[in-house]
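Residue-level structural notes
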Amino acid sequence: MGGMSASRPPVVFVHSFPLDARMWSAQVEHLALHGYPCITPDLPGFGAAPLPSPDLTPSLDVYANAVARALEGHPPAVVVGLSLGGYVAFRLLARHPRLVRGVVLADTRAAADAPEVKAGRILNSSLVNRHGAGALIDKMLPMLVAPTSPQAARDRVRELGAAQRPAAISFALLAMRDRADATPLLDALDLPTMFVVGEHDAITPPAEHAAMAARVKGATLVEVPGAGHMTNLEAPERFNQALLRFLA
């Protein structure tokens, strides 16, 4: 991405499900040392963000519009989205392309939910509504982080996940379940693009990222050794290095 050193673009980080923007603290700290302005919105309902209005139909567009509002008044940004954050990045590219200068899609997928995944979303929604966010994160944790990942990463995922409101989680589950297939966007993508995936990502595996990267002209693909689905928390140094290389 030529000429970035002169004026560093803002970098907007879009968090995964079911966490919040605090998951990016190691990245924000690292990029700040290199002079990159960082924007870390909480998606509606997560972290400190108010819940979406009850009359809104759950949709990723609600999230994409919230990220677009966070980018108002800034020059076009590099969007970094992990998992749900990647789904939101695709909607941002579809709805607000002028706001995006480059994109990093980590541990995510372009395809829509398969039928069995849709069914799982509904089960998870009833679990969180009955037993709270802690019960859901306990169920998800073995899929989110690699078995060999540091205990600190595991604890952080659990802590952030358990802190979220059931209503926010339910909204997100329905928004993810009903999202459109974003694969056609890959073929049309004409921006600097990097895919990042954990070697042991069981939710959105490396082969799927290789297939996505093959469809985007000039895309970079980085596989992070030893990491699962939460690469930025499990292997922050590797993630940060890849990010800085991409930005430079």
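Our subject in this report is the structure included herewith. (Residues numbered from 1 in each chain as written. Predicted model: local features only at pLDDT ≥ 70, side-chain atom pairs only at ≥ 80, totals over all residues. Heavy atoms only, no water.)

**Regarding the pattern of salt bridges**
- The final tally for this structure, using the stated rule, is 11 salt bridges.
- Lys217 is the salt-bridge partner of Asp190, the closest N and O atoms lying 3.2 Å from each other. Residue Asp190 is located in the loop between α8 (183-188) and β5 (193-198), and its partner Lys217 is located in the loop between α9 (206-215) and β6 (220-224); the two are separated by 27 residues in the primary sequence. The same class applies to Asp190 and to Lys217, which are both exposed.
- Among the ionic contacts, a cluster of salt bridges with common partners joins Asp61, Arg91 and Arg95. (Salt bridge = Lys/Arg side-chain N within 4 Å of Asp/Glu carboxyl O. Helix = DSSP H or I, 4+ residues; strand = E, 2+ residues; numbered from the N terminus. Buried < 20%, exposed > 50% of the residue type's maximum accessible area, 1.4 Å probe, protein only.)

**Focus on the pairing of β5**
- The element β5 is extensively covered by neighbouring structure, given that six of its six residues are classed as buried.
- On β5, burial covers both faces: Thr193, Phe195 and Val197 on one face and Met194, Val196 and Gly198 on the other are all buried.
- Both β5 and β6 contribute to a ladder of five bridges, which runs parallel. Across the sheet, residue Val196 finds its bridge partner in β6, namely Val222.
- In terms of handedness, the path from β5 via α9 over to β6 forms a crossover that is right-handed. (Pairing = 2+ DSSP bridges. Right-handed = clockwise from strand over helix to strand, strands pointing away.)

**Section: helix α3 (residues 84-95)**
- The end-to-end C-alpha distance of α3 is 17 Å, a good match for the 16 Å that 12 residues give at a rise of 1.5 Å each.
- With nine of its 12 residues buried, α3 lies for the most part within the structure.
- What α3 keeps buried is the set Leu84, Gly85, Gly86, Tyr87, Val88, Ala89, Phe90, Leu92 and Leu93. (Expected span 1.5 Å × (residues − 1).)

Coordinates in, geometry out; function isn't part of it.
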